[in-house]
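Structure at a glance
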Amino acid sequence: MSGYSPLVILRLILLLLLSSIFDSVAASPSRTALQYRDTLIRNARLVWGLNAPIADFAAQIHHESSWKPDITNAIGAQGLAQFMPATTEWLGNLIPRLDEKTPLNPTWSIRALVHYDRWLWERVQADNSCEHMAMTLSAYNGGLGWVKRDVQLAKHQGFNILRWFGEVELVNAGRRQSAWQENRHYPRHILLTLSPRYLVWGGGMCVR
């Protein structure tokens, strides 16, 4: 930095320090998220076991609702996990622990999310846990039926149907373009962008 005055150098150092601090804060769980940490970990381990991908579930909630438990979006999805009324009703009938059907209750919503993810996980296939979770999240966002149709089309076109990234995610079995693009963004944003922020809570399927 020869040629710069000591004052300019000091300002540059301060800017770098502040940038580092802001980046660190932005990449850490918010205070709002922290109040649900223990509930998420407890319910995830109950359903998925001690190695539950806590970071992935936290990232999913972050993406769905930004940890706002009382929101209802424009199309009627509710709560931390943004369940539509029909999904809430179906889950409540399927799983006894969810029979209260209260998506605006954060504990119910967290419990329902990890149960639904597990239900979907058991109905898709992939050749490693990262690809498996990507398939699961695609199904959560757009429906299991669409994932199965995408897989069938991918198979017909010669793609590796046991891999989501760079394979099944490239085909569209008939969704409108906006819905397809949203669905393709969903697993990537959760698993690759948001999940690393929550590794302090527990591991993820694509990052450790």
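Shown above is the structure to which this text applies.
Residues numbered from 1 in each chain as written. Predicted model: local features only at pLDDT ≥ 70, side-chain atom pairs only at ≥ 80, totals over all residues. Heavy atoms only, no water.

1. Structural notes on the pattern of salt bridges
Keep this limit in mind: Salt bridge, as used here: a side-chain nitrogen of Lys or Arg that lies within 4 Å of a carboxyl oxygen of Asp or Glu.
Applying the stated criterion to the full structure yields nine salt bridges. For aspartate 38, the salt bridge goes to arginine 37, with nearest N and O atoms at 3.0 Å. When salt bridges with common partners are traced through the structure, they connect Arg118, Glu122 and Arg123 into a single cluster.

2. Looking at the environment of glutamine 152
Selection criterion: Each helix is a run of H or I in the DSSP string that is no shorter than four residues. Each strand is a run of E no shorter than two, and both are numbered from the N terminus.
You can see glutamine 152 is positioned in helix α8 (residues 144-156). Along the primary structure glutamine 152 and valine 171 are separated by 19 residues, whereas in three dimensions their C-alpha atoms are 9.8 Å apart.

3. Thoughts on the nonpolar core
The following threshold applies: We call a set of buried residues a nonpolar core when its members are Ala, Val, Leu, Ile, Met, Phe, Trp, Tyr or Cys and they connect through side-chain atoms within 4.5 Å of each other. Only protein chains enter the calculation, and the probe is 1.4 Å; a residue is then buried if its accessible area is under 20% of its type maximum, exposed if over 50%, and partly exposed in between. Throughout, a residue-residue contact means that at least one pair of heavy atoms, one from each residue, lies within 4.5 Å.
Leu40, Trp48, Phe57 and Trp67 are the most contacted members of the largest nonpolar core, which has 52 residues in total. Counting residues per element, the ones that place at least two in this core are α3 (37-48), α4 (54-65), α6 (106-121), α7 (129-142), α8 and α9 (177-194). Looking at this core, the element that brings in the most residues is α6, giving eight residues. In this structure tryptophan 67 touches Ser30, Thr32, Ala33, Tyr36, Leu40, Ala58, Ile61, His62, Leu80, Tyr198 and Trp201, once residues within four positions along its chain are discounted.

4. Section: α3
The condition is simple: The span expected for a helix works out to 1.5 Å for each residue beyond the first.
Taking 1.5 Å per residue as the helical rise, α3 with its twelve residues ought to reach 16 Å, and the 16 Å between its terminal C-alpha atoms agrees with that figure. For α3, the full list of buried residues reads Thr39, Leu40, Ile41, Asn43, Ala44, Val47 and Trp48. Taken together, the buried residues of α3 touch α4, α6 and α7.

5. Observations regarding the state of the cysteines
Quick note on the threshold: Any pair of cysteine sulfurs within 2.5 Å is marked as a disulfide.
Evaluated as defined, the whole model comprises one disulfide. Put simply, cysteine 130 and cysteine 206 are joined by a disulfide, and their sulfur atoms are 1.9 Å apart. With the S-S dihedral at roughly 95°, the linkage between cysteine 130 and cysteine 206 falls on the right-handed side. Here cysteine 130 is found in helix α7, whereas its partner cysteine 206 is found in the segment after α9, with 76 residues between them in sequence. Overall, cysteine 206 belongs to the partly exposed group, its relative accessible area being 23%.

6. Details of the layout of surface pockets
Defined as follows: For each structure, a 1 Å grid was placed over the protein atoms alone; sets of points admitting a 1.4 Å probe that cannot get out are labelled cavities, open sets with protein on both sides within 12 Å along at least five of seven lines are labelled pockets, and lining residues have an atom within 4 Å of a point. Grid points are joined across faces, edges and corners, and a volume is the space filled by probe spheres set on the points. Think of it as three bins: nonpolar holds Ala, Val, Leu, Ile, Met, Phe, Trp, Tyr, Cys and Pro, charged holds Asp, Glu, Lys and Arg, and polar takes everything else, Gly as well.
One number sums up the size of the largest pocket: a volume of about 620 Å³. Considering the residues around the largest pocket, the lining is formed by 25 residues, among which Ile75, Tyr140, Asn141, Gly142 and Glu182 are closest to the centre. Secondary structure elements with two or more residues in the lining of the largest pocket: α4, α5 (85-94), α7 and α9. Broken down by element, the lining of the largest pocket gets its largest block of residues, five residues, from α9. Looking at the lining of the largest pocket residue by residue, the class counts come to twelve nonpolar, nine polar and four charged. Quantified by volume, the second largest pocket comes out at close to 180 Å³. Around the second largest pocket, the lining residues are Arg123, Val124, Gln125, Met135, Val147, Lys148, Val151, Gln152, Ile161 and Leu162. For the lining of the second largest pocket, the leading source of residues is α8, giving four residues. For the lining of the second largest pocket, the class distribution of residues is six nonpolar, two polar and two charged.

7. With respect to unusual backbone geometry
You will see that tryptophan 67, though not glycine, has its phi angle at about 65°, which is positive. Of the residues examined, tryptophan 67 reaches a relative accessible area of 2% and is grouped as buried. Even without a glycine there, the phi angle at lysine 101 is positive, about 55°.

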